[in-house]
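Chain by chain, the residues:
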Amino acid sequence: QLKLVESGGGMVQPGGSLRLSCVASGVSFEYHQIGWFRQAPGNEREGLTCVSMTYGRTYYANSVKGRFTISRDNAKNAVYLQMDNLQPEDTGVYYCVAHQGITVDVMCGRRDTKWGTWGQGVQVTVSA
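Everything numeric in this text was worked out from a predicted model, so none of it was measured. (Residues numbered from 1 in each chain as written. Predicted model: local features only at pLDDT ≥ 70, side-chain atom pairs only at ≥ 80, totals over all residues. Heavy atoms only, no water.)

Draft legend 1. Broad picture of the pairing of strand β5 (residues 46–52). The buried count for β5 comes to six of seven residues, which makes it a mostly enclosed element. Where strand β4 (residues 33–39) meets β5, six bridges bridge the pair, whose relative direction is antiparallel. Pairing of Arg 38 across the sheet is with Glu 46, part of β5. The hairpin turn running from β4 into β5, its antiparallel successor, is six residues long, and Gly 42 in that turn takes a positive phi close to 80 degrees. Where β5 folds back onto strand β6 (residues 58–60) in an antiparallel hairpin, the turn is made up of five residues, including Gly 56, whose phi is positive at roughly 75 degrees. (Buried < 20%, exposed > 50% of the residue type's maximum accessible area, 1.4 Å probe, protein only. Helix = DSSP H or I, 4+ residues; strand = E, 2+ residues; numbered from the N terminus. Pairing = 2+ DSSP bridges.)

Draft legend 2. How the structure looks around the packing of aromatic side chains. The full count for this structure, using the stated rule, is four aromatic pairs. For the ring pair Phe 37 and Trp 118, a centre distance of 5.3 Å and an interplane angle of 75 degrees mean the geometry is edge-to-face. Remark: Trp 118 occurs in strand β10 (residues 117–118) and Phe 37 occurs in strand β4; sequence separation between them is 81 residues. Both residues of the pair, Phe 37 and Trp 118, count as buried. When the ring of Tyr 95 is compared with that of Trp 118, the centres are 6.3 Å apart and the planes differ by 85 degrees; the resulting orientation is edge-to-face. Highlighted residues: Tyr 95 in strand β9 (residues 92–99) and Trp 118 in strand β10, separated in sequence by 23 residues. Neither residue differs from the other here; Tyr 95 and Trp 118 are each classed as buried. In textbook terms, an aromatic cluster arises when at least three aromatic residues are bridged by ring pairs, as seen for Phe 37, Tyr 95, Trp 115 and Trp 118. A cation sits over an aromatic face here: Arg 45 above Trp 118, 4.8 Å from the ring centre. One cation-aromatic arrangement involves Arg 110 over Trp 115; the distance from NZ or CZ to the ring centre is 4.8 Å. (Phe/Tyr/Trp six-rings, centres within 6.5 Å; stacked < 30°, edge-to-face > 60°. Lys NZ or Arg CZ within 6 Å of the ring centre and 35° of its normal.)

Here it is as structure tokens:
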């Protein structure tokens, strides 16, 4: 069975950076689409950025364009999220998710969570 393990969360000051990792075990990421979603307190889970492992096609939500970068390493079955210029509104639990047979823009636009294979989530706190 596919399992996703996330790491790299923590607390940073405004303007700081963090790099999150999502590593697959059990099966390969090959032919999957991978996304990073965030759930802030009191809010629904929202898609931030998604990538096709096969083609490298990416999608970014407007709120993170120019600050967050998703990258993939197919050989390591890993996806990374580089987060720069973090702000307090970026605080929340970050989840990676794997799915198949869906384009990255549609995947990141989903508001329900009853689909895909999700990681355990990592806390990111941005505070002075």
